[in-house]
Amino acid sequence: METTGLNNPVQEEQFNDSVEDTLSPISSNAVSSISGAEEEMSGSYVDFSEEDALLDADRAGLGLESVSENEEEGESMPDDSETGGTALSALKLAGQNKEQLIALLKELIETKAIQTIRKDVDAIKVAFYKIHRNEMDALRKKFYETHEESEPFVADSDPYEAELKRLFGIYRTQRDVYMQNAEKEKEENYQTKLRIIEELKNLVNGGETLNHTFNVFRELQNRWKESGPVPKNQVKDLWETYHLHVENFYNFIKINKELRDLDLKKNYEAKVGLCEEAEALLLEKNITVSFRKLQKLHDEWREIGPVALEYKEQLWDRFKNASSQINKRHQEYFDQIKEEQKRNLELKTALCERAEALVVSEPTTRKGWEKASEELIEIQKLWKNIGFAPKKDNNKIYERFRSICDRFFDIKRRFYLNMKEEMDNNLQAKISLCISAEAIAQSSEWKKSTEELLALQKQWKEIGAVPRKQSEAVWKRFRAACDTFFARKSEYYAGLDQKYEDNLAQKRALLAELAEFDVLAAEDGFEALKAYQRRWSEIGFVPMKEKDALQKEYRKLIDSLFDTLRSGDKERKIERFREKMHYIKGTNAEKKIFSERDRLYNKVKQLENDITLWENNIGFFAKSKNAQAMIDDVNHKIARAKEEIAVAIEKIKIIDAAE
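About the thresholds
- Residues numbered from 1 in each chain as written.
- Predicted model: local features only at pLDDT ≥ 70, side-chain atom pairs only at ≥ 80, totals over all residues.
- Heavy atoms only, no water.
- Helix = DSSP H or I, 4+ residues; strand = E, 2+ residues; numbered from the N terminus.
- Axes fitted to C-alpha atoms, helices over the stretch in contact; angles between N-to-C directions.
- Parallel < 35°, antiparallel > 145°, perpendicular 65-115°, else oblique.
- Left-handed = near helix turned anticlockwise from the far one by under 90°.
- Contact = heavy atoms within 4.5 Å.
- Nonpolar A, V, L, I, M, F, W, Y, C, P; charged D, E, K, R; others polar.
- Buried < 20%, exposed > 50% of the residue type's maximum accessible area, 1.4 Å probe, protein only.
- Expected span 1.5 Å × (residues − 1).
- Polar contact = N/O pair within 3.5 Å; in protein donor to acceptor, adjacent residues only side chain to side chain.
- Salt bridge = Lys/Arg side-chain N within 4 Å of Asp/Glu carboxyl O.
- Core = buried A, V, L, I, M, F, W, Y, C linked by side-chain atoms within 4.5 Å.

(A) Here's a closer look at the environment of Tyr 160. Its place among the elements puts Tyr 160 in helix H9 (residues 159-205). In the structure, Tyr 160 is positioned 61 residues away from Glu 99 in sequence and 6.9 Å away in space, judged by C-alpha atoms.

Structure representation (structure tokens):
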């Protein structure tokens, strides 16, 4: 259809106003809200699989470099959701072994577009190192079942891990090439758009027919749309320049009214479609996806030409309303993430403080280190279950925690190295005790050797731990020496039981003999009783349960015989003293008689004082343990003293009667 000029100047003016209004940029507030949220989104992006993967690689001692996308890569390189890729599910990867994960990574690199597989690569990496970590934990546990804790565990190289690193290097290389090409392509697109703007400027001043001019304009618009993205720092100026010349085109080119109305209608339908798409995004559950799609809709809105003036505000308000709601959801979502990250920072700070307290406490015993290690491992588990901290603090808090853990295990390692030397010394000390115990094991000095072995056992308990490898062997050696001695001792004393029974029978026979013995009729009763005492002592031990009763019966019987003997002796002494006094009186030696009386009187006084002292002492003996034997001995002394007092008094009476 050949185009003609507008029907009249009024229509032309209205059309130009409509074009100007419709092509005006999105309001500054809306643009700043969208672009600001977009920048915040890219700047705050957190790959929640990253830290776990790095922790797994680091704990295994493998040093895999970090592969988290930086902010620039996040802006320049689309993620899987934008390019049709879908992250592999953890459930799907959970059933894969390391070889299958390697094969899957190789297939992704060889068959998929490099810009679409970032999330899949991260997921494979995390799944791989979870398996790798479990294998390392199992190997470490098996290693320390047969080795000292102070010995370092060094794992063999893993060929699968080497292959993973090789493939990952290929992925990074291809990704870097893609990023370089993308930047180069953006620069080329920028130059293309500048040329299109120049052509648009020239189009306004050209002399071609309107049909031809409008067709060229449409072609330029299509070329503009197809030319692709440009560097971010050039977007704003480029669009402003483009819009300016598009407005100039509509202002100075006289387009056929029918063609213009058709174009406005087409633009109206396209913008209505964008409004519907924006409203549909309100139902999208993934807030990030809806926000990114909204950015694309805004790009498309800018690409579409003007609509009739009466629809302009209505359409823009409808589109802006949906955009505002999505932006609000997006902002609330990231505000929530920020609050959660702040809480995570507080929790991680508290864990750092707990770990630092363990380092400061520095246990001094093996049990203390075991308890502290268990607590630190629990702290590490809690750390792993906590999400990321704010971006500016995340690396700092992680480095703080990692530094604390390293310091803890360095101190623990030094402790166990020192303990190893101490345990070697303990081993030598315990071997010496084994030698001493083996020397005693064949001894027959039961009491002395028992005391020595008990002393060795006490020293054994005080020495402390020895290396685990020698612990059981040296203990068995020491225990065998002790068991040998005490088995011999038990066997020896088992043979004594019958001997004790024989001794019991002999002592009972001796008691029966004493009961029939007439001490006064004997030629020398005192010596006869002494002989009985010797025989009693020579018989030996009797069973413990019979000992006290038998000894009591013996003591009662022998004391009775001695009392009988002393009673007869007293009468003989009195009779001899009477004869002596009669003889002295016949010689008129009165002075000698008085001297004898004074001696006897003083003896009585001395014996009475002794009795008083002994009776007082008995009161003290009663308060001590095992005092019965001493009490019996003192009572015996008191009885003999009383007998001597009675004899002395009787002699004094004889002297007084002779006067």
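(B) Focus on the packing of helix H14 (residues 309-361) against helix H16 (residues 391-440). In the contact formed by H14 and H16, the axes pass within 10 Å of each other and the chain directions differ by 20°. It follows that H14 is roughly parallel to H16 by the angle criterion. Read as a crossing pair, H14 and H16 show a hand that is left-handed. The residues of H16 that touch H14, namely those facing Leu 345, Lys 348, Thr 349, Cys 352, Glu 353, Ala 355, Glu 356, Leu 358 and Val 359, are Asp 393, Asn 394, Ile 397, Arg 400, Phe 401, Ile 404, Arg 407, Phe 408 and Ile 411. Class assignment for the residues of the contact of H14 with H16 results in ten nonpolar, two polar and six charged.

(C) Unusual backbone geometry, seen in detail. The backbone phi angle of Glu 362 is positive, close to 40°, even though this residue is not glycine. By the secondary structure assignment, Glu 362 is in the loop between H14 and helix H15 (366-385). For Glu 362, a relative accessible area of 43% corresponds to the partly exposed category.

(D) The arrangement of helix H13 (residues 287-303) in detail. When the terminal C-alpha atoms of H13 are compared, their 25 Å separation across 17 residues agrees well with the 24 Å that a helix rising 1.5 Å per residue should span. Listed in full, the buried residues belonging to H13 are Ile 287, Thr 288, Val 289, Ser 290, Phe 291, Leu 294, Gln 295, Leu 297, His 298, Trp 301 and Glu 303. A distance of 3.1 Å separates the backbone nitrogen of Thr 288 from a side-chain oxygen at the start of H13, and that oxygen is part of Asn 286.

(E) Representation of H14 within the structure. Under the 1.5 Å per step criterion, the end-to-end length of H14 is 77 Å for 53 residues, consistent within 8% with the ideal 78 Å. Just downstream of H14, Glu 362 is the residue with a positive phi angle, here 40°.

(F) A look at the side chain of Ser 323. Mapping Ser 323 onto the fold places it in helix H14. Residue classification places Ser 323 among the buried residues on the basis of a relative accessible area of 3%. Of the polar contacts made by the side chain of Ser 323, one reaches the backbone oxygen of Phe 319; its length is 2.9 Å. The contact partners of Ser 323, leaving out residues within four places of it in the chain, are Leu 294 and His 298.

(G) Up close: the pattern of salt bridges. Under the defined criterion, the tally for this structure stands at 24 salt bridges. Between Arg 302 and Asp 299 there is a salt bridge, with its nearest N and O atoms 2.3 Å apart. Placement of both Arg 302 and Asp 299 in helix H13 is noted, with a separation of three residues, approximately one turn of the helix. Taken together, the shared-partner salt bridges connect Lys 98, Glu 135 and Asp 158 into one network.

(H) Focus on the nonpolar core. The biggest cluster of nonpolar side chains holds 23 residues, and the ones touching the most others in it are Cys 352, Leu 358, Trp 369, Leu 376, Trp 383, Phe 401 and Phe 408. Per-element tally for this core: the top contributor is H16, with eleven residues. Ignoring sequence-local partners within four residues, the contact set of Trp 369 consists of Glu 362, Pro 363, Phe 408, Ile 411, Lys 412, Phe 415 and Tyr 416.

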